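Listed here are the chains, written in short residue letters.
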Amino acid sequence: MTCRCQKLAHVVAAFLILVLPAALRAQVVPAADHHMHLQSPRAAQLLNQDATFKPGEQEPPEQPNTAKDMVAALDAAGIRRGTALSDAYRLGSPFVHIPNEAEEVNAENDWTLHQVERYPDRLVGFCSVNPIRPYALAAIDYCYQIGLRGGLKLHLANAKFQFDNPVQIRALRQVFRRANHLRMPILIHLRSAEKWDARQGIQTFMTQILPLAPDVPVQVAHLGGWGGYDRITDESISTFIEECDAQPKLCRHLYFDIAAIVLPPSAATAPPGSDNRLLYDEQKDFTDGPQRLADNLRRIGLGRILFATDWPVEAPEQYAQRLRSNLRLSPAEIDQIFSNLALYFNQNK
Ligand SMILES: [Zn+2]
């Protein structure tokens, strides 16, 4: 009897050693979702009014996304913090024509501030603007004055930014300099076009733009791509790895978010022209993509990788599960990424 009990105790102990750590690891939830979008009812209305989709493009009409919706999505995943990005940059995009654009941009940043103020312990609000508009610096100053100082979101595809245009480079340098002066961290979506010379673009960024913001964290969205993991995203992150190896000091405050990188299985059969289908088509022939993604995450350093979703594009709960099951990283490595928390949450003003 005693003997059998001992045997049982050994079995239980073995079970605890082998199974429990894995179970505990599975309970690690991301410390924050570092890339989420707010959108006011006003912005949704303006963007819908001006909807000029190309033939074949299929995207549903814009819907407002409030802080309440955002916090509910975080709660569903058990995630405490979120980076709440103003949608103002979209109102300044050359893809749309918004009357009184500069005023509407300020109004959207205003609305964003009031939204995040409802959840000061949960959300950090980021100002946003098209950095190559003539009013860009004034809009950033406006954010600072009203108190929307969590950071600054820039989206170079939405701005149709040209990396070979010296006037636009100068404008972006001024924006980086101003954000650094105001101590506003920067979240930047770099990939500017479908056909994009990632190597040249990242080298331009590293030599001419990033040095202007030495004192604030800079978060590169989508690992330097624009969602999914295609050859251009691979080239982008690979160039960052080379540049950071060569100049570690320049990369001291550099982070990468993993928003919308691992596509849902449904992307393969999504309607032609939809964002997910376009992303799927861009990467479907890149068969060693998943392994290169895991290798490159390790090479750039897991401490630099921030969990992020691009909500409402992805729901944090599902996306966290998808990363656990699809990324070719160990559970401990996924835990490390999920535990990373951007410094701007602690500096919250
Ligand atoms: Zn985004």
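You'll find the structure just up there.
Residues numbered from 1 in each chain as written. Predicted model: local features only at pLDDT ≥ 70, side-chain atom pairs only at ≥ 80, totals over all residues. Heavy atoms only, no water.

Draft legend 1. Fine view of the overall build of the chain. Across its full length, the chain holds 13 helices and eight strands. Here the chain holds 349 residues, and 52% of them are scored as buried. Of the contacts made within the chain by residues no fewer than 6 positions apart, 81% connect residues no fewer than 24 positions apart. When the accessible surface of the chain is totalled, it reaches about 16,100 Å², and 54% of it is carbon and sulfur. (Helix = DSSP H or I, 4+ residues; strand = E, 2+ residues; numbered from the N terminus. Buried < 20%, exposed > 50% of the residue type's maximum accessible area, 1.4 Å probe, protein only. Contact = heavy atoms within 4.5 Å. Areas by Shrake-Rupley, 256 points an atom, 1.4 Å probe, with all protein chains shown as cover.)

Draft legend 2. Just the pairing of strand S2 (residues 81-85), in detail. Burial analysis of S2 places five of its five residues in the buried class, which makes it a mostly covered element. Residues Arg-81, Thr-83 and Leu-85 point to one face of S2 and Gly-82 and Ala-84 to the other, with burial holding for every one of them. Strand direction decides the pairing type here: strand S1 (residues 32-37) and S2, joined by four bridges, are parallel. Bridging from a neighbouring strand, Met-36 pairs with Ala-84 of S2. Relative to strand S3 (residues 123-128), S2 is paired through four bridges, and the arrangement is parallel. Of the residues in S3, the one forming a bridge with Gly-82 is Leu-123. (Pairing = 2+ DSSP bridges.)

Draft legend 3. Examining the sheet that holds strand S8 (residues 305-306) more closely. Overall, parallel pairing links the eight strands, which are arranged S1-S2-S3-S4-S5-S6-S7-S8 in an open sheet. The outermost strands of the open sheet, each flanked by one partner alone, are S1 and S8. Relative to the sheet, helix H5 (residues 101-116) contacts S2 and S3, its axis offset from that of S3 by approximately 175°. (Axes fitted to C-alpha atoms, helices over the stretch in contact; angles between N-to-C directions.)

Draft legend 4. Representation of helix H11 (residues 289-300) within the structure. In a regular helix each residue adds 1.5 Å, so twelve residues correspond to 16 Å; H11 covers 16 Å between its end C-alpha atoms and thus fits that length. If you check which residues of H11 are buried, you get Gly-289, Leu-293, Ala-294, Asn-296, Leu-297 and Ile-300. All buried residues of H11 lie within an arc of 165° about the axis, which places them on one face of the element. Where H11 is buried, its residues meet helix H9 (231-246), strand S7 (254-257) and S8. Just beyond H11, the residue with positive phi is Gly-301, at close to 110°. (Expected span 1.5 Å × (residues − 1). Arc of directions from axis to C-beta.)

Draft legend 5. Examining empty space enclosed by the protein more closely. Considering all chains together, one arrives at one cavity of 30 Å³ or more under this definition. Looking at the largest cavity, its volume works out to about 30 Å³. Residue lining of the largest cavity: Tyr-89, Gly-92, Ser-93, Val-129, Asn-130, Pro-131, His-155, Asn-158 and Ala-159, and that is the complete set. Tallied by class, residues from the lining of the largest cavity come to four nonpolar, five polar and no charged. (1 Å grid on protein atoms, 1.4 Å probe; cavity = no way out; pocket = protein on both sides within 12 Å on 5 of 7 lines; lining within 4 Å. Points joined across faces, edges and corners; volume = space filled by probe spheres on them. Nonpolar A, V, L, I, M, F, W, Y, C, P; charged D, E, K, R; others polar.)

Draft legend 6. Just helix H8 (residues 198-209), in detail. Listed as buried for H8 are Ala-198, Gly-201, Ile-202, Thr-204, Phe-205, Met-206 and Ile-209. Check the buried side of H8 and you find it contacts helix H7 (166-181), strand S5 (186-189), strand S6 (218-220), H9 and S7.

Draft legend 7. Here's a closer look at the packing of aromatic side chains. For the structure shown, the criterion picks out ten aromatic pairs. Ring centres of Phe-161 and Phe-163 lie 5.0 Å apart, and the angle between their planes is 85°; this geometry places the pair in the edge-to-face category. The two residues Phe-161 and Phe-163 agree in class, both being buried. An aromatic cluster of three or more residues is present, and its members are Phe-176, Phe-205, Phe-240 and Phe-256. Over the ring of Tyr-144 we find Arg-149; its NZ or CZ atom is 4.0 Å from the centre of that ring. (Phe/Tyr/Trp six-rings, centres within 6.5 Å; stacked < 30°, edge-to-face > 60°. Lys NZ or Arg CZ within 6 Å of the ring centre and 35° of its normal.)

Draft legend 8. Representation of the nonpolar core within the structure. If you look at the biggest cluster of nonpolar residues, it comprises 86 residues, and the most contacted ones within it are Phe-176, Leu-190, Phe-205, Phe-240 and Leu-254. When residues in this core are grouped by element, the largest group, six residues, is from helix H3 (residues 67-77). In this structure Leu-190 touches Leu-156, Phe-163, Trp-196, Ile-202, Phe-205, Val-220 and Phe-240, once residues within four positions along its chain are discounted. (Core = buried A, V, L, I, M, F, W, Y, C linked by side-chain atoms within 4.5 Å.)

Draft legend 9. Main features of unusual backbone geometry. A cis amide bond links Trp-311 with the next residue in sequence, Pro-312, at an omega value of 10°. Although it is not a glycine, His-222 adopts a positive phi angle of roughly 55°. Note on placement: His-222 falls in the loop between S6 and H9. Positive phi, normally seen in glycine, also occurs at Leu-223, with a value near 55°. Turning to its location among the elements, Leu-223 is positioned in the loop between S6 and H9.

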